[in-house]
Structures are given as structure tokens and as C-alpha cells.
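Breakdown of the fold
Residues per chain are reported as follows:
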Amino acid sequence: MSALLEEVRREIVGLHGFFLDWFHGSASREDLDTRFLSRLHPELVFVPPEGHVLLASALKGAFDTAHGTNPDFKIQIRDVAIRHVIDDHVLATYTEWQVGARTSPQTNNARFSTVLMKRGDPYQWLHIQETWLPKADQSAERFDF
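Residues numbered from 1 in each chain as written. Predicted model: local features only at pLDDT ≥ 70, side-chain atom pairs only at ≥ 80, totals over all residues. Heavy atoms only, no water.

Looking at the layout of surface pockets
Keep this limit in mind: Using only the protein atoms, space was sampled on a 1 Å grid; points where a 1.4 Å probe fits but cannot get out form cavities, open sets with protein on both sides within 12 Å along at least five of seven lines form pockets, and lining residues are those with an atom within 4 Å of a point. Grid points are joined across faces, edges and corners, and a volume is the space filled by probe spheres set on the points. The helix count covers DSSP runs of H or I at least four residues long, the strand count covers runs of E at least two residues long, and both are numbered beginning at the N terminus. In this classification, the charged set is Asp, Glu, Lys and Arg, the nonpolar set is Ala, Val, Leu, Ile, Met, Phe, Trp, Tyr, Cys and Pro, and all remaining amino acids, among them Gly, are polar.
Counted as a void, the largest pocket has a volume near 760 Å³. Along the walls of the largest pocket sit 32 residues, with F23, F46, F63, T103 and R111 positioned nearest its centre. Counting residues per element, the ones that place at least two in the lining of the largest pocket are α1 (3–24), β1 (40–47), α3 (56–66), β4 (89–99) and β6 (124–132). A breakdown of the residues in the lining of the largest pocket according to their chemical character gives 20 nonpolar, 7 polar and 5 charged.

Considerations on the side chain of T93
The condition is simple: Within 3.5 Å is the distance limit for a polar contact, defined as a pair of N or O atoms, with the added protein rule that one can donate a hydrogen and the other accept it, and that residues adjacent in sequence qualify only through two side-chain atoms.
Of note, T93 is situated in strand β4. Within the structure, T93 has its side chain in polar contact with the side chain of R83 (distance 2.8 Å).

A closer look at the pairing of strand β5 (residues 109–118)
This is how it is decided: Two strands make a pair as long as DSSP finds a minimum of two bridges between them.
Note: β4 against β5, 10 bridges, orientation antiparallel. Paired with Y94 across the strands is S113, a residue of β5. The sheet contact formed by β5 and β6 spans 8 bridges and is antiparallel. Within β6, the residue paired with F112 across the bridge is T131. Between β5 and β6, which pair antiparallel and follow one another directly, the connecting turn spans 5 residues.

A word on unusual backbone geometry
To keep things clear, this is the line we draw: In this scheme, a residue with accessible area under 20% of its type's maximum is buried, one over 50% is exposed, and one in between is partly exposed, where area comes from a 1.4 Å probe on protein chains only.
Following D121, the chain continues into P122 via a peptide bond in cis, with omega recorded as 10°. By secondary structure assignment, the location of P122 is in the loop between β5 and β6. Of note, the phi angle at D79 is positive, near 60°, even though the residue is not glycine. Position of D79 among the secondary structure elements: in strand β3 (residues 74–86). Although it is not a glycine, D87 sits at a positive phi angle of roughly 55°. In this structure, D87 sits in the loop between β3 and β4. The exposure class of D87 is exposed, given its relative accessible area of 73%.

Concerning α1
For the record, the criterion: Each helix should span, by expectation, one fewer than its residue count multiplied by 1.5 Å. Whether two residues are in contact is decided by their heavy atoms, any of which lying within 4.5 Å being enough.
Compared with an ideal rise of 1.5 Å per residue, which puts 22 residues at 32 Å, α1 spans 31 Å between its outermost C-alpha atoms and is within 8% of the ideal. Here α1 has its buried residues at L4, L5, V8, E11, I12, L15, H16, F18, F19, L20, W22 and F23. Along its buried surface, α1 packs onto α2 (31–36), α3, β3, β4, β5 and β6. Note on α1: the residue one or two positions beyond its end, G25, has a positive phi of about 90°.

This is the structure in C-alpha cells:
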């Protein structure tokens with residue numbers, strides 16, 4: 001694995017680790033800024049699998065109310081790939097597998113995600129697009145993680 005791919009994989013897995021800590025209630029309220037919001041570009045666009053558009057400003061309120069609301073939630077990141085590198089920007093894809101998702105149409109689900117990030121300390125997430133994986137693809141995989 002290339003050094004850049006490993007760095008990008010750590011960034012993606014690390015941010016989703018924060019999501020787990022947040023929804024489980026083990027992250028402190030201050031972690032919302034330091035571990036999550038500080039990584040979002042002020043003009044971030046997030047398109048969840050349902051297709052609506054959320055801006056960075058909307059995510060703070062949504063996450064603020066979700067602290068500790070899903071202690072059994074699990075996420076597994078798979079198939080991280082770098083698609084393009086332009087200067088200090090990286091376009092990457094990955095699949096996100098969820099177990100016990102209370103706010104999704106299916107409790108166990110999977111999505112294909114594309115993210116545009118600017119490298120730095122911390123990385124800045126500029127754009128995220130998620131698409132439901134087809135049910136046949138989800139059925140062929142395991143949710144016992």
C-alpha cells in the first residue's frame with residue numbers, strides 16, 4: 001500500500017471512528033469541534049444516499065443532538081481507493097458498512113462514498129457523495145463485524 005493511500009485510509013477510518021465514539025456517547029462534547037467540525041471545509045457539500053444536500057453548517061446541529069443516541073451502532077470502512085490526486089487534493093472512494101443504524105431506512109446497510117479532501121493537518125473534507133450499494137451487493141457481504 002502506498003504511503004498516500006495509507007494516510008487517506010487512516011483519515012477516513014479515523015473520522016468514522018469519531019462517529020462511533022459520538023453516537024456511542026464516549027466522545028466528549030468538545031470532540032465535536034476538534035475531531036469532526038475542524039475537518040470540514042466551511043463550504044463542504046455532503047450528499048447522503050437519499051440525495052438531499054447538506055452544508056457544513058447543517059451538520060453541527062444534526063450531530064449535536066445525536067450525541068450518545070446509538071450505543072450499538074457499528075461502522076466498517078472497506079475498499080479505500082485513491083481515484084485522483086491533483087496538487088494537494090485527493091479524490092478517494094470507499095465503502096461504508098453500517099450495523100444498527102437507527103436513522104437509515106435499513107438498520108444494516110452499505111454505501112459507496114466518494115470524498116474530495118485537501119491534504120493538511122488536519123485534512124479538510126470538501127465534498128462527500130454517498131450512494132446506496134445495490135441490495136444484491138449488500139446481501140453478498142457480511143454484516144457480522
